[in-house]
Amino acid sequence: MPEDVEGALRRAIKLEWVTIGVLVVTVSIIFLVLGNSQAMKTAWIEDMLSFIPPIAFLVGVQIAGRPASVERPFGHHRAIGIAHLVAATALAGMAVYLIIDSTMKLIAAEHPTIGGITLFGQTFWLGWLMIAAMVITSVPPVILGRMKLHLAPPLHNKVLFADADMNKADWMTGVAVIVGVLGIGFGLWWADAAAAIVVSFSILRDGWVNVRAAVKGLLDARATTYDDTEPHPLLHQVQDYLDGLDWAEDTGARVRDEGQVFQVEAFVVPRPTSSIDIDALEKVRTGLKNLDWKVNDVVVAPVRTIPDVARKRDRTTT
Amino acid sequence: MLVVGLALVLPTTTGCTTHFPADPEGTLTSVDGGTLRVGASINPPFVEEKGEELTGDEVELVEDYALTRDADIEWTEGGEEELMSRLGHGELDLVIGGLTAKTPWAGKAGLTRPYTETTDRFGTRRKHVLAVPLGENAFLLDLDTFLHHRDGSQ
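Being a predicted model, the structure only gives us computed values, none of them experimental.

So, how was this worked out
Residues numbered from 1 in each chain as written. Chains lettered and ligands numbered in written order. Predicted model: local features only at pLDDT ≥ 70, side-chain atom pairs only at ≥ 80, totals over all residues. Helix = DSSP H or I, 4+ residues; strand = E, 2+ residues; numbered from the N terminus. Buried ≥ 20, exposed ≤ 12 C-beta atoms within 10 Å, placed from the backbone. Contact = placed C-beta atoms within 7 Å. Rg over C-alpha atoms; globule rule 2.2 N^0.38 Å. Nonpolar A, V, L, I, M, F, W, Y, C, P; charged D, E, K, R; others polar. Pairing = 2+ DSSP bridges. Axes fitted to C-alpha atoms, helices over the stretch in contact; angles between N-to-C directions. pLDDT = per-residue confidence, 0-100. Domains from an automatic or database assignment. Core = buried A, V, L, I, M, F, W, Y, C linked by C-beta atoms within 7 Å.

Asks: Explain the overall build of chain B to me, please; I cannot follow it from the model alone.
Replies: Counting its regular elements, chain B contains five helices and nine strands. Per-residue burial for chain B yields a buried fraction of 39% across its 154 residues. Residue pairs at least 24 apart in sequence account for 65% of intrachain contacts in chain B once pairs closer than 6 positions are excluded.

Asks: Can you help me understand the overall build of chain A in this one?
Replies: If you tally the helices and strands in chain A, you get nine helices and five strands. When the helices and strands of chain A are listed from N to C terminus, the series reads α-α-α-α-β-β-α-α-α-α-β-β-α-β. Over its C-alpha atoms chain A spans a radius of gyration of 25 Å, topping by over 25% the 20 Å that the globule rule assigns to 318 residues. The principal-axis extent of the C-alpha atoms belonging to chain A is close to 90 × 35 × 35 Å. A buried classification covers 46% of the 318 residues belonging to chain A. Taking the intrachain contacts of chain A between residues at least 6 apart in sequence as the baseline, contacts between residues at least 24 apart amount to 69%.

Asks: Would you explain the environment of B:Gly135 in this entry?
Replies: If you trace the backbone, B:Gly135 turns up in the loop between strand 9 (131-132) and helix 5 (137-153). Given 23 C-beta atoms within 10 Å, B:Gly135 falls into the buried group. With 112 residues separating them along the chain, B:Gly135 and B:Asp23 place their C-alpha atoms 6.9 Å apart. Setting aside chain neighbours within four positions, we find B:Gly135 in contact with A:His111, A:Pro112, A:Thr113, A:Trp189, B:Pro24 and B:Gly110.

Asks: Explain the interface of chain A and chain B here, please?
Replies: Interface size is commonly expressed as the accessible surface area that is lost when the partners come together. Chain A puts 27 residues into the contact, and the matching count from chain B is 26 residues. Elements represented by at least two residues in the side of chain A that touches chain B include exactly strand 1 (116-119), strand 2 (122-125), helix 6 (158-185) and helix 7 (191-218) of chain A. No other element matches helix 6 of chain A, which puts seven residues into the side of chain A that touches chain B. Considered class by class, the residues forming the side of chain A that touches chain B number 15 nonpolar, 11 polar and one charged.

Asks: Before we go on, may I ask you to explain the sheet that holds strand 4 (residues 262-270) of chain A in this structure?
Replies: What links the strands of a sheet is backbone hydrogen bonding, and the strands pair in either a parallel or an antiparallel sense. Residue and element names in this part refer to chain A. Across the sheet, three strands lie side by side as 3-4-5; this open sheet has mixed pairing. Since the sheet does not close on itself, it has two edges, and those belong to strand 3 (248-257) and strand 5 (295-302), each with one partner. Taking each pair of neighbouring strands and ignoring which way they run, the sheet shows an average axis angle of 20 degrees. Across the sheet, helix 9 (residues 278-289) is in contact with strand 4 and strand 5; its angle to strand 5 comes to roughly 155 degrees.

Asks: Please explain the confidence of the model for chain B as it appears in this structure.
Replies: Close inspection of predicted coordinates is inappropriate for parts of the model with low pLDDT. Taken residue by residue, chain B gives an average pLDDT of 88. The fraction at 70 or more is 87%. Our summary of model confidence lists the complex with pTM equal to 0.83 and ipTM equal to 0.82.

Asks: Just to check I follow, could you spell out the environment of B:Thr118 for this structure?
Replies: Residues and elements named next belong to chain B. Note that threonine 118 resides in strand 7 (residues 116-119). Of the residues examined, threonine 118 has 14 C-beta atoms within 10 Å and is grouped as partly exposed. Separated by 12 residues in the primary sequence, threonine 118 and leucine 130 have C-alpha atoms spaced 15 Å apart. With residues near it in sequence (within four places) discarded, threonine 118 still touches Arg126 and His128.

Asks: Help me out: how do you make sense of the domain arrangement of chain A in this one?
Replies: Residues and elements named next belong to chain A. Assigned domains within chain A: domain 1 (3-218) and domain 2 (233-310). Look at where the C-alpha atoms of domain 1 and domain 2 centre, and you get two points 41 Å apart. Opposite the 11 residues of domain 1 that make contact, domain 2 presents eight residues. Considering each element in turn, the side of domain 1 that touches domain 2 owes the most residues, four residues, to helix 4 (residues 78-107). A class-by-class count of the residues in the side of domain 1 that touches domain 2 yields five nonpolar, five polar and one charged.

Asks: Teacher, can you tell me more about the nonpolar core here?
Replies: If you look at soluble globular proteins, the nonpolar side chains tend to sit buried side by side. Ranked by size, the top nonpolar core spans 100 residues in total, and within it A:Ala83, A:Ala87, A:Leu91, A:Met130, B:Leu94, B:Val95 and B:Ile96 carry the most contacts. Counting residues per element, this core draws most heavily on helix 6 of chain A, at 16 residues. Residues contacting A:Ala87, with those up to four places away along its chain left out, are A:Ile52, A:Pro53, A:Ala56, A:Val159, A:Ala162, A:Asp163 and A:Met166. Counting 16 residues, the second-largest nonpolar core is a separate cluster that includes A:Leu242, A:Val255, A:Ala266 and A:Val284.

Asks: Help me understand the environment of A:Ala310, please; the structure alone is not making it clear to me.
Replies: Within the secondary structure, A:Ala310 is located in the segment after strand 5. A:Ala310 sits 265 residues away from A:Ile45 along the chain, and the two C-alpha atoms are 46 Å apart.

Asks: What should I look at first to understand unusual backbone geometry in this one?
Replies: Trans is the common state for peptide bonds, and a negative phi is the common state for residues other than glycine. Note that the residue after A:Arg271, namely A:Pro272, is joined by a cis bond; omega there is -5 degrees. Here A:Pro272 shows up in the loop between strand 4 and helix 9. The peptide bond linking B:Phe20 to B:Pro21 adopts the cis configuration, its omega dihedral lying at 0 degrees. Its location among the elements puts B:Pro21 in the loop between helix 1 (2-13) and helix 2 (27-31).

Asks: How should I be thinking about the pairing of strand 8 (residues 125-128) of chain B in this particular structure?
Replies: Consecutive residues of a regular strand have side chains that alternate between opposite faces of the sheet. Where strand 7 of chain B and strand 8 of chain B come together, four bridges link them in antiparallel fashion. Of the residues in strand 8 of chain B, the one forming a bridge with B:Thr119 is B:Arg125.

Asks: I keep staring at the pairing of strand 1 (residues 35-40) of chain B and nothing clicks. Help me out?
Replies: All names here are of chain B. Of all six residues in strand 1, five are buried, a share of seventy percent or more. Taken together, the six bridges between strand 1 and strand 4 (residues 72-77) define a ladder with parallel strand orientation. By the bridge assignment for strand 4, arginine 37 is matched with glutamate 74. The pairing of strand 1 with strand 5 (residues 94-96) spans three bridges and is classified as parallel. Counterpart to valine 38 in the pairing with strand 5 is leucine 94.

What follows is the structure, given as structure tokens:
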């Protein structure tokens, strides 16, 4: 891992610890103003779920760093993929919980009850305290999420990306609670549940995108960028390198995303097909490995024909 | 975007409400200078029956509250379940009868702040509350404020 990437990883680890610390404070604050309000209870449960992505990240990174062994010959890189699935499932689960919970409240026409609270000898509406708590607890996720989004691309760490989405979900539900509580204040009993439903569909979308990407990653789908919007540029670099081999008649490669690093299987049809130069194959192996720190392992196979799935893809995009 | 939109629309759609928080069913408005419909479940010393008259700590409490709102009290006697069902259907504004903060009716009714604490014969601390209809937040806050001041004056 190059110096700058390692620095980014250290920053990301620190950031996730900060996130956990902030969550502990957030959960405590919300617990104190919980009252018997259902809206706040939902916000609280959701903050509990927010613990999952940072913990998954820290455990994932820790395990992924362990070296390969005879029993685990491919190393532990997939820990990142598993962590991504765990984090993504937490995100999607939170959205589903919110949608079901809020819909039930709307159907039951349950009127949220928020009474008074006595603090410092004054009795005032608990709703104001809830709004204050939500304003305070919604600011850190905005900042933390933005910082994580900056680190996700250089690290190619999708757990970090999913966690940034979780932070987005946190502050969005915070805003939803504020709108909902204000709505309740104006006598609109449905405002709270309606605001939660609007927000949870956006969270569900993020969760779904992440779950799908995590499952695809674990199924060895073609490697994509950290946000799963396009094929990873390294795929083109690998093919470009292989195209540059003057002794090869035809080449192809398939790349697995192991989480933070890639594993490349390169296929080469030598010219003429009967001759195989071990040194040349070895050179391809090191050449591909030197392309990028993310290329963790390379297998080069001399073949008579390139498998269809490893064929050169449409490269007009490069 | 939708959330922001909702935030902008909310104050305008509700028009002018006299209370914030407001009652979706307008309980406080109908109590104010009107009638307070109270369900009382016999449970000494909170609610007792002496001849035709209701007495007890919570009966006095309700009578005191009604004075602050210049309201007449319409009493309904009954079992807790019957009274809670009437409260849920908007036939009552308040249910009393030695309810505590841990009442199983918590999800079916709104509860006020505890007005007093007692220890029962099993040694458990009991926080005594009154039950109001769900979501009638102006009425609930008004009661809470009343209970707070009464608590402070005693």
